[in-house]
Amino acid sequence: MEAVSASKLPDHVIDIEGLALSFDQDGKRTHVLRGLDLKIAPGEFVALVGASGVGKSTLLRVLMGLAPQSEGKVVVTPDPAAERPMALVFQDSRLLPWRRVIANVSFGLEKKSLPAVARRERAMQALGLVGLSDLADRWPWQLSGGQRQRVALARALAVRPSILLMDEPFSALDVATREGLQDELLRVWRQTGKTIVFVTHDIDEAVYLADRIVALGGKPGEVRSVRVIDVARPRRRGALALQDIAAKVKADITADAAAPVEDYVI
Amino acid sequence: MTKSSFAYRLLPLLGLFAFLLFWEAMPRLGLASRVLLPAPSDLPDAFMRELANGMWLKSVGLSLSHYTLGLLVGLGAGIGLGVLTGMSNVAEGLFAWVSRVLRPIPGLAWVPFAIIWFGVSQSGAVFIIAIGVFWIVYFATHGAIRGVDRDYIELAKAFGFTGPLERLFKVLLPAATPGILVGARTALGQAWMAVVAAELFGVTGLGSRMMQASSLLATDIVVVYMLTMAALYGLMDTFFMAVQGRLLRWKP
């Protein structure tokens, strides 16, 4: 991954070209992703969908630098106003059980040399953004699943990233909680203007949330389609236009490897 | 409900009372010689004598200092090496056979070397106590560090904590604390046994005072020190539990 000095604001915060990912296991070469091209514009909400094992989460980890890429180019050009290029929200909230909520939120801030008071202030601010200021002094085990995931979101927001990477963050929640958090996320997105890359296997969730859906399929995973969701916000859950796109995306994923559908309209 | 739970709380006291009564009866009814089995009622007097001649305070003080030093040395070395081999495969590999060879040797088997290296001295006692503590704490720490969920380490990396020291202090040590404390608590009891054993060989303290008393057939004094040890251990364990409760207050 290379950083580009931003003399002028680029058109894309993330520019992936020909990304391939493979690793050796038991003497065999396993390919996870291949020939992946993806450009993401600043402030865009992009959803990555596909069956489990298609390499969606791995792609996020490559972007974060947690997993090595094998081939291709990944250029991340963060918003210069942001303090970190990216932050990741995990599928399991992954709160540290020995830290209170507020200390979990300020975890990433401890990397900076910030006075404790300022750190707490910023953590409280992030906690306020997800509406959990009251729970600052709770222990993680005292929270519900939805609250835990909101704390995880606050922890990611607290480090002021340019891009928010989310790895199936709502998949373990019940429907009502999940829908509540989806709307919460859209509100935070509007408020902060961050770029969001959202991995999910729930296509209905993807069409409700995203500007664009990247459908991954096959083994090794490759881009099957990129579809723009040209439906005005606020959207209505289950609107016909959304259902229509969802059906197409589903077909893209399940179809045998065909020529990828290009549907770029930005 | 409250009545029966109150009765249940009385049971342990009742049991203790019955035990003391039985103990007192044995020598009094002539079923056991008073020299071989001192009665509980003889003990306060024996205790006061030991207190008056200053032996009790001196012995307890010395034993506690052996205990504390041995425990600290053992804890420090055990946690330190456990963390090292828990974090580094190279360190683990290097130490694997050394630990396999040295571990089965009981702490008491080191007594000859303790005497040769340190003489019959405080340091000798500390050495023997520390060895016992070391192995318990070492294996507990090593296992606890190895057992830390990889997901936490990934989390630390995702938030920029990539160095080994950052990993240790942000994630590994806090996550391993419950496991390390289990080892430390076991060591707390183990060290107490080692104290007596080390002192039986002559280093001044509770153990050596007991040996003196027994050679004079002053069995009441032996029992006084037995109970002293029980009380001290109970005190330590209570203190330890308080510290542990504080360290693990994040647990449900």
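Values in this document were obtained by computation on a predicted structure and should not be read as measured data.

In this assembly, 12 residues from chain B lie in contact with 13 residues from chain A. Ranked by residue count, the leading element in the side of chain B that touches chain A is helix α7 (residues 150-158) of chain B, at 6 residues.

Attention shifts here to the confidence of the model for chain A. All names here are of chain A. Of the residues in chain A, 92% have a pLDDT of 70 or more, and the chain-wide mean is 89. The element-level mean pLDDT for chain A is lowest in strand β1 (residues 2-3), coming to 48, with helix α2 (residues 101-105) highest at 97. Considering only residues more than four positions removed or in separate chains, one finds that residues 1-7, a stretch of pLDDT under 50, has 10 contacts.

To continue, consider unusual backbone geometry. Residue and element names in this part refer to chain A. For the bond running from Arg233 to Pro234, omega is -5°, close enough to zero to count as cis. With phi around 50°, Arg160 is a residue other than glycine that occupies positive phi space. When you line up the elements, Arg160 lands in the loop between α4 (145-158) and β7 (161-167). Although it is not a glycine, Glu168 sits at a positive phi angle of roughly 45°. By secondary structure assignment, the location of Glu168 is in the loop between β7 and α5 (175-192). A tally of 21 C-beta atoms within 10 Å means that Glu168 is categorised as buried.

In this section: the environment of B:Phe47. By secondary structure assignment, the location of B:Phe47 is in helix α2 (residues 43-52). Expressed as a C-alpha distance, the spacing of B:Phe47 and B:Val101, which sit 54 residues apart in the sequence, is 44 Å.

Definitions and limits used
Residues numbered from 1 in each chain as written. Chains lettered and ligands numbered in written order. Predicted model: local features only at pLDDT ≥ 70, side-chain atom pairs only at ≥ 80, totals over all residues. Contact = placed C-beta atoms within 7 Å. Helix = DSSP H or I, 4+ residues; strand = E, 2+ residues; numbered from the N terminus. pLDDT = per-residue confidence, 0-100. Buried ≥ 20, exposed ≤ 12 C-beta atoms within 10 Å, placed from the backbone.

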